[in-house]
Amino acid sequence: MKKNKYSFYSIAISTLMLTSLFVASCSSPQEENEETVVMKQGFQIPQLLERQKDLSYDEFLKIKEKFNKLSFEAENEKTKIESLIKLSEIYIYEARVTGEHPYYYNAALVTLNETLKDTAKMTADQHFTALFYKSTVQLSQHKFNEALVTGEKALALNNTNSGIYGVLVDANVEIGNYEDAVKNCDKMISIRPDLRSYSRISYLREIYGDMKGSIKSMEQAIEAGAPYSEYKCWTIVTMGKMLENHNQLDSAMAYYQFSAKERANYPFGIAGMASIEGKRGNYKKADSLYTVALNAVPEISFIMDQAKLYQKQGKTAEMKRLIPRIESMFQEDIESGHNVNMEFAFFLLDFKKDFKRALDLGLKEYKLRPNNIDVNRLLAFAYYANGDNTNAAKHAKIAMKTNKQEGDLYCISGLINQDKKQIKKGFSIDPYQDHLFADRAKKMI
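Definitions and limits used
Residues numbered from 1 in each chain as written. Predicted model: local features only at pLDDT ≥ 70, side-chain atom pairs only at ≥ 80, totals over all residues. Heavy atoms only, no water. Axes fitted to C-alpha atoms, helices over the stretch in contact; angles between N-to-C directions. Helix = DSSP H or I, 4+ residues; strand = E, 2+ residues; numbered from the N terminus. Parallel < 35°, antiparallel > 145°, perpendicular 65-115°, else oblique. Left-handed = near helix turned anticlockwise from the far one by under 90°. Contact = heavy atoms within 4.5 Å. Nonpolar A, V, L, I, M, F, W, Y, C, P; charged D, E, K, R; others polar. Phe/Tyr/Trp six-rings, centres within 6.5 Å; stacked < 30°, edge-to-face > 60°. Buried < 20%, exposed > 50% of the residue type's maximum accessible area, 1.4 Å probe, protein only. Expected span 1.5 Å × (residues − 1). Polar contact = N/O pair within 3.5 Å; in protein donor to acceptor, adjacent residues only side chain to side chain. Salt bridge = Lys/Arg side-chain N within 4 Å of Asp/Glu carboxyl O. pLDDT = per-residue confidence, 0-100.

Draft legend 1. Region of the structure containing the packing of helix α8 (residues 162-175) against helix α9 (residues 178-191). Remark: α8 packs on α9, axes separated minimally by 8 Å, with the N-to-C direction vectors making an angle of 165°. With respect to α9, the axis of α8 lies roughly antiparallel. Seen along the crossing, α8 lies across α9 with a hand that is left-handed. Contact residues: S162, Y165, G166, L168, V169, N172 and V173 in α8; Y178, D180, A181, N184, C185, K187, M188 and I191 in α9. Tallied by class, the residues present in the contact of α8 with α9 amount to nine nonpolar, four polar and two charged.

The structure is reproduced here in structure tokens:
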């Protein structure tokens with residue numbers, strides 16, 4: 001995902017570096033209905049979209065060469081399955097790099113389903129890999145329960161691959177099965193300590209409020225990352241965002257700059273720099289950086305952050321001009337099969353003040369994963385916005401059950417409970433909160 005606190009792709013580690021072999025080789029790097037429609041029309045290899053010229057284009061040229069070779073080999077029955085699986089790796093990677101999630105994740109899913117139509121023709125390794133990749137796509141589309149089922153099927157075929165444990169970690173985290181996530185993470189790192197396992201340990205420690213341990217693990221993850229790789233840069237930015245959310249702006253900026261040097265024009269690093277500049281009051285610079293990042297990748301969280309920047313400056317007209325674009329992007333993702341209930345609900349709260357609809361979406365997501373702390377945080381905000389303090393308090397309590405140190409969570413809990421100490425703690429963690437009730441909370445303390 002996965003960036004902005006309410007980011008579309010904010011699940012912290014999901015799908016991180018699951019296709020590392022592909023990257024190494026290259027750079028050295030209505031769901032069912034839509035799939036059915038494509039299949040009825042006959043399977044055709046989805047095209048590779050052109051990249052922006054300033055988005056690691058040298059890497060893309062190598063990818064394009066490999067894509068053409070695999071597409072040719074996929075025409076041969078003997079090499080079809082292996083080629084399609086490797087093509088799906090390309091789609092998954094391009095989704096991450098280019099931000100063209102609606103297109104590429106569907107392309108990967110359709111391609112993988114084509115290989116899985118007749119598993120008798122697959123080797124055990126191909127069957128495992130196809131299920132493994134399918135589960136990562138489901139994670140990316142925020143279909144966490146489905147990803148867990150697919151991941152467990154893959155695990156039954158191969159329980160010695162560390163990557164599949166990563167899928168189970170991510171799925172269990174997002175569903176709210178935190179103890180199961182920890183168990184799978186222990187298994188994962190026992191098989192292979194690397195960027196993927198260290199970064200997941202970091203996220204789990206963050207969830208349980210161990211920031212010192214979380215930072216240490218993320219440092220290990222960064223050290224284990226391959227130079228220039230998108231995955232290493234993603235991890236660097238994740239570290240920056242963690243520090244930024246805990247009021248360590250200088251350190252966060254250093255990590256964002258590091259990512260942009262590691263991989264030229266890395267858009268998520270540039271967007272991170274924009275966020276820091278905005279918090280420092282350098283609005284013009286921040287706006288310029290967001291524009292640079294958006295020119296490279298059409299990432300919805302960048303636009304939402306830019307809208308927040310305008311909102312903060314009182315530039316209402318500029319902010320309102322972005323709203324239709326954001327809604328259009330949400331709709332595009334929904335139509336492609338991406339579950340965005342939680343992200344869209346926060347958008348409705350912060351930008352549209354549509355409290356009723358936000359609550360409805362929150363409850364819809366709650367039915368899917370009632371134990372997830374972020375879903376319960378959303379409901380705490382949504383119920384409070386709708387004037388229902390009883391239910392808001394209930395969900396805020398669940399959201400705080402792991403002791404995750406989040407400024408806005410302490411803030412909303414303090415407002416619900418009329419507890420000034422909680423609000424003060426929230427602002428001590430993150431004094432730059434800009435959510436719907438930040439100003440109200442400041443007035444209380």
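Moving on from the coordinates now.
Draft legend 2. Fine view of the packing of aromatic side chains. One pass over the structure, following the stated rule, counts 17 aromatic pairs. Residues F67 and Y91 carry aromatic rings whose centres are separated by 6.1 Å and whose planes lie at 65° to one another, so their mutual orientation is edge-to-face. With F67 in helix α3 (residues 57-73) and Y91 in helix α4 (residues 80-98), the pair connects residues that are 24 residues apart, well separated along the chain. Accessibility classification places F67 together with Y91 in one group, the buried group. Ring geometry for F346 against F381: centres 6.1 Å apart, planes inclined by 70°, an arrangement best described as edge-to-face. Note that F346 is positioned in helix α18 (residues 341-352) and F381 in helix α20 (residues 373-385), a separation of 35 residues in sequence. Cluster of aromatic residues (ring-pair linked, three or more members): F67, Y91, Y103 and Y104.

Draft legend 3. Spatial organisation of α20. Taking 1.5 Å of rise per residue, 13 residues should cover 18 Å, and α20 covers 18 Å from first to last C-alpha, within 8% of that figure. Sitting at the amino-terminal end of α20 is N372, which places a side-chain oxygen 2.8 Å from the backbone nitrogen of D374. Just downstream of α20 lies G387, where phi reads positive at about 80°.

Draft legend 4. Region of interest: α18. Most of α18 is tucked away: 11 of the 12 residues are buried. Turning to α18, its buried residues number three or more, namely N341, M342, E343, F344, A345, F346, F347, L348, L349, D350 and F351. Among the structural elements, α16 (300-313), α17 (316-335), α19 (355-368) and α20 are those in contact with the buried residues of α18. Positive backbone phi, approximately 55°, marks K353, located one or two places after α18.

Draft legend 5. View of the pattern of salt bridges. Tallied over the entire structure, the rule returns 24 salt bridges. Ionic pairing is found between R51 and E59, a salt bridge with its closest N-O pair at 2.8 Å. In this structure R51 comes out as buried when scored by relative accessible area, which is 4%. With a relative accessible area of 2%, E59 lands in the buried category.

Draft legend 6. Broad picture of the confidence of the model for the chain. Here the chain averages 91 in pLDDT, while 91% of its residues score no lower than 70. Here residues 1-40 is a poorly scored stretch, pLDDT under 50, and it has 134 contacts once near neighbours within four places are set aside; other chains count.

Draft legend 7. Broad picture of the environment of E94. Position of E94 relative to the elements: it lies in helix α4. Overall, the relative accessible area of 0% leaves E94 in the buried class. A sequence separation of 320 residues divides E94 from G414, and the C-alpha atoms of the two residues are 42 Å apart. Non-local contacts of E94, meaning those with residues more than four positions away in its chain, are made with L48, R51, F60, I63, G99 and Y104.

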